[in-house]
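One letter stands for each residue in the lines below.
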Amino acid sequence: MTKKIINLLILLPLGIILIVFCVANRQSATLALNPFRPEDQVLSLHAPLFVLLFAALILGMVVGAAVTWVNQSKHRKRARNQSREAVRWQAEADKHRSRAEQIAGQLPSK
């Protein structure tokens, strides 16, 4: 219940701000991808300004997530190696435990 209230208190104002932002920035804007001839229509994109800004935001989030994922690969690799080693040591301990129980079972009782 508390999580729903917190989400409502955060997401509702954020949604209202985004809607107001979209309505205020409906005018068409041109994104020119050719820096030497900006008037070139082949490498340009016409869209409302808020669409271009949201696309830039989403692209930035995807690039940031990819960079973070790549930077954390060494930690994931180390965790995989340690997990394999833990399984190997557990199997070794189980083998020694069963061997000890076997030896204890063979000893004569007093």
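Note: the structure precedes this text.
Predicted model only: the values in this text are computed from it and were never measured.

Chemist: Explain the overall build of the protein chain here, please?
Modeler: Counting secondary structure elements, the protein chain contains 3 helices and 2 strands. When the helices and strands of the protein chain are read in sequence order from the N terminus, they spell out α-β-β-α-α. The C-alpha atoms of the protein chain give a radius of gyration of 30 Å, which is well past the 13 Å a tight globule of 110 residues would have. Each of the 110 residues in the protein chain was classed as buried or not, and the buried ones make up 8%. Considering only intrachain contacts with a sequence separation of at least 6, the fraction spanning at least 24 residues in the protein chain is 24%. Total accessible area computed for the protein chain in this model is approximately 9,800 Å², and 68% of it derives from carbon and sulfur atoms. Side chains of the protein chain give 15 positive and 6 negative charges; the mean places of these two sets differ by 6 Å.

Chemist: Just checking my understanding: could you explain the packing of helix α2 (residues 49-71) against helix α3 (residues 73-106) for this structure?
Modeler: A pair of packed helices can be characterised by two numbers: the angle between their axes and the separation between those axes. Where α2 contacts α3, the two axes come as close as 4 Å, and the packing angle between them is 40 degrees. On the basis of the axis angle, α2 is oblique to α3. Across from Trp69, Val70 and Asn71 in α2, the residues of α3 making contact are Ser73, Lys74, His75 and Arg76.

Chemist: Could you clarify how one ought to interpret a nonpolar patch on the surface in this entry?
Modeler: A contiguous nonpolar patch, built from Met1, Ile5, Ile6, Leu9, Ile10, Leu11, Leu14 and Leu18 and spanning about 830 Å² of accessible area, is present on the exposed surface. As for its position among the elements, methionine 1 is in the segment before α1 (2-24). Judged by its relative accessible area of 76%, methionine 1 is exposed.

Chemist: Would you mind showing me how to read the packing of α1 against α2 here?
Modeler: At a closest axis distance of 8 Å, the pairing of α1 and α2 adopts a crossing angle of 130 degrees. Taken together, the axis directions place α1 and α2 in an arrangement best described as oblique. Across from Leu18, Phe21 and Cys22 in α1, the residues of α2 making contact are Phe50, Leu53 and Phe54.

Chemist: How do you make sense of the packing of aromatic side chains when you look at a structure like this?
Modeler: Given two aromatic rings, one states the distance between the centres and the angle between the planes to describe the pair. Following the criterion strictly, the structure yields 2 aromatic pairs and no others. Ring geometry for phenylalanine 21 versus phenylalanine 54: centroids 6.0 Å apart, planes at 50 degrees, classification tilted. With phenylalanine 21 in helix α1 and phenylalanine 54 in helix α2, this residue pair connects regions lying 33 residues apart in the sequence. Both rings, one in phenylalanine 50 and one in phenylalanine 54, keep their centres 6.2 Å apart while their planes meet at 80 degrees; by these two values the pair is edge-to-face. Of this pair, phenylalanine 50 and phenylalanine 54 both sit in helix α2, 4 residues apart, roughly one helical turn. Accessibility expressed as a relative area gives 26% for phenylalanine 54, which makes it partly exposed. Ring pairs connect the aromatic residues Phe21, Phe50 and Phe54, which therefore count as one cluster.

Chemist: In this structure, what is going on with the side chain of asparagine 34? I would like to understand it.
Modeler: As for its placement among the helices and strands, asparagine 34 is situated in the loop between β1 (28-32) and β2 (44-48). Within polar-contact distance, the side chain of asparagine 34 engages the backbone nitrogen of phenylalanine 36 at 3.2 Å. Contact partners of asparagine 34, with chain neighbours within four places excluded, come to Asp40 and Leu43.

So, how was this worked out
Residues numbered from 1 in each chain as written. Predicted model: local features only at pLDDT ≥ 70, side-chain atom pairs only at ≥ 80, totals over all residues. Heavy atoms only, no water. Helix = DSSP H or I, 4+ residues; strand = E, 2+ residues; numbered from the N terminus. Rg over C-alpha atoms; globule rule 2.2 N^0.38 Å. Buried < 20%, exposed > 50% of the residue type's maximum accessible area, 1.4 Å probe, protein only. Contact = heavy atoms within 4.5 Å. Areas by Shrake-Rupley, 256 points an atom, 1.4 Å probe, with all protein chains shown as cover. Lys, Arg positive; Asp, Glu negative; His and termini not counted. Charge placed at Lys NZ, Arg CZ, Asp CG, Glu CD. Axes fitted to C-alpha atoms, helices over the stretch in contact; angles between N-to-C directions. Parallel < 35°, antiparallel > 145°, perpendicular 65-115°, else oblique. Patch = residues over 30% accessible without salt bridge, like charges linked within 9 Å, V, L, I, M, F, W, Y side chains within 5 Å. Salt bridge = Lys/Arg side-chain N within 4 Å of Asp/Glu carboxyl O. Phe/Tyr/Trp six-rings, centres within 6.5 Å; stacked < 30°, edge-to-face > 60°. Polar contact = N/O pair within 3.5 Å; in protein donor to acceptor, adjacent residues only side chain to side chain.

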